[in-house]
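Next come the chains, spelled out residue by residue.
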Amino acid sequence: MAAKKGPTIRRVQLGKELRRLRERAGMSLVQAVDGLAFSDTKLWRVERGMTSLDKLSDLRSLCERYGIEDEEDVEFLLKIQRESLSRDWWIPYRNVMPSGMEMFIGLERDARRLRGWQPNVVYGLLQSERYARALFEAAKPVEETTTEFMEYHLQLRMERKELITRSEDPVELRIIMSEGALRQVLGDAELMREQYVLIAELAGLDNVTVQVLPWATPAYRATNNFVLMDFESPLPSVVEIDDAKSVTLVDKQSEIWKHTRRFDSMCASALNPGETPRFLERLAREQTR
């Protein structure tokens, strides 16, 4: 049974449909909102899935302006609108999220498949709580973040892991990590061994595939980490690229193709998924020396 789609993806669906209808009507953003109770800036954000129209009457006004007369079509849009107004589970963490993170988490929740590359640290959804805490604690004095900020981010990261472990319709996860990401030591040897065991356990799930790209393998390696998010048709794929200060989401076809080529190239060069447990066992043994 398919999981119910969350508010973020409903906003994206509604926004794309409203943009299509506006363009079909031959209207600019300014023309579309002329005389209505919201601005062209608001409509621009709605069309990009960044926010919702506050009232169902606002959507009805747009439908009238765009010449949508079939009541079934209007009701279909209103249904999406109602679902887009639901409260997202991560709202308590909103104040500590970097720019773009809120929308990323919403899309991540409803993706059909995630394909990612992580060259620096263990991929977030595969991190143990102790590993994630050590990662945040190492950055805390440098980034000058508060303990509260760190705890919120830690809780958020742990809750996000439900995406791949939930019993109903878990997200398909395909991750490639560099050997360096796995060898970077955080905390102590016990913590790292625990982390390797967790990755092996998660990689054993039917919906999770983990590959390692060894240092010694001559291959292409993308400089930055990224995640490709694939959705059920007709929604297009989105690529997420992040840094310390912001999260960038792009759905341009050229960017999707570019990052898909990068992922496929590294996937072909990385160790076979069946070799991942043995690689992790070797790393764990090295931690005992």
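Above this note sits the structure.
Since we're looking at a predicted model, the values are computed, not measured.

A. Looking closely at the overall build of the protein. A tally of regular secondary structure across the protein gives 13 helices and 6 strands. Here the C-alpha coordinates of the protein stretch approximately 70 × 40 × 35 Å along the principal axes. When each of the 289 residues of the protein is scored for burial, the buried share is 47%. Sequence-distant contacts in the protein: of pairs separated by 6 or more residues, those separated by 24 or more amount to 72%. Surface exposure of the protein reaches about 14,800 Å², of which carbon and sulfur atoms provide 48%. For the protein, the distance from the average site of its 43 positive side-chain charges to the average site of its 47 negative ones is 3 Å.

B. Molecular detail of the pattern of salt bridges. This model, assessed by the stated rule, comprises 20 salt bridges. Lys16 serves as the salt-bridge partner of Asp251, at 3.3 Å between the closest nitrogen and oxygen. Taken as a pair, Asp251 in the loop between strand 6 (247–250) and helix 12 (253–269) and Lys16 in helix 1 (residues 7–24) lie far apart in primary sequence, 235 residues in all. Judged by its relative accessible area of 38%, Asp251 is partly exposed. For Arg60, the salt bridge goes to Glu71, with nearest N and O atoms at 3.2 Å. With Arg60 in helix 4 (residues 56–65) and Glu71 in helix 5 (residues 71–84), this residue pair connects regions lying 11 residues apart in the sequence. Judged by relative accessible area, Arg60 falls into the partly exposed class, the value being 32%.

C. Broad picture of the sheet that holds strand 6. Pairing in this open sheet of 6 strands is mixed, and the strands run 3-2-1-4-5-6 from one edge to the other. Every other strand in the sheet has two partners, leaving strand 3 (208–213) and strand 6 as the edge strands with one partner each. Between one strand axis and the next, the sheet turns through 15° on average, direction left out of account. Here strand 5 (residues 238–242) runs beside strand 6; their pairing, made up of 4 bridges, is antiparallel. Counted as the bridge partner of Val239 is Val250 from strand 6. Along the sheet, helix 12 contacts strand 1 (113–118), strand 2 (172–178), strand 3, strand 4 (226–230), strand 5 and strand 6; its crossing angle with strand 4, the most-contacted strand, is approximately 110°.

D. Quick look at the packing of aromatic side chains. Tallying each qualifying case throughout the model produces 0 aromatic pairs. In this arrangement the basic side chain of Arg115 is found over the ring face of Phe263, its NZ or CZ atom lying 6.0 Å from the centre.

E. Summary view of unusual backbone geometry. Notably, Glu144 is not glycine yet its phi reads approximately 55°, a positive angle. You can see Glu144 is positioned in the loop between helix 7 (129–143) and helix 8 (147–160). You will see that Asp169, though not glycine, has its phi angle at about 50°, which is positive. Position of Asp169 among the secondary structure elements: in the loop between helix 9 (162–165) and strand 2.

About the criteria used
- Per chain, the residues get numbers from 1 upward, laid out in the order the sequence is written.
- Per-residue local features of the predicted model are confined to residues with pLDDT of at least 70, and side-chain atom pairs are confined, for both listing and counting, to 80 or more; whole-chain, interface and lining totals are unaffected and use all residues.
- Values shown for side chains rest on all heavy atoms present in the structure; no hydrogens or waters enter the calculation.
- Counting from the N terminus, the helices are DSSP H or I runs at least four residues long and the strands are E runs at least two residues long.
- Only protein chains enter the area calculation, which uses a 1.4 Å probe; residues under 20% of their type maximum are buried, those over 50% are exposed, and those in between are partly exposed.
- When checking whether two residues touch, look at their non-hydrogen atoms; a contact exists if any pair is within 4.5 Å.
- Exposure was quantified through the Shrake-Rupley algorithm and a 1.4 Å probe, taking into account, for residues, occlusion by the shown protein chains and nothing else.
- Positive charge is attributed to Lys and Arg, negative charge to Asp and Glu, and no charge count is given to His or to the chain ends.
- Where a charge lies is defined by one atom per residue type: Lys uses NZ, Arg uses CZ, Asp uses CG and Glu uses CD.
- Any Lys or Arg side-chain nitrogen found within 4 Å of a carboxyl oxygen on Asp or Glu counts as a salt bridge.
- Strand pairing requires that DSSP identify at least two bridges connecting the strands.
- In this analysis, axes come from line fits to C-alpha atoms, helices being fitted only over the stretch in contact, and the angle between any two N-to-C directions falls in the range 0 to 180 degrees.
- Stacked, edge-to-face and tilted are the three classes for Phe, Tyr and Trp ring pairs, Trp counted by its six-membered ring, which pair at centre distances within 6.5 Å; planes under 30 degrees apart are stacked, over 60 edge-to-face, the rest tilted.
- As a reminder, the over-ring test applies to NZ of lysine and CZ of arginine, requiring each to be within 6 Å of the ring centre and within 35 degrees of the ring normal.

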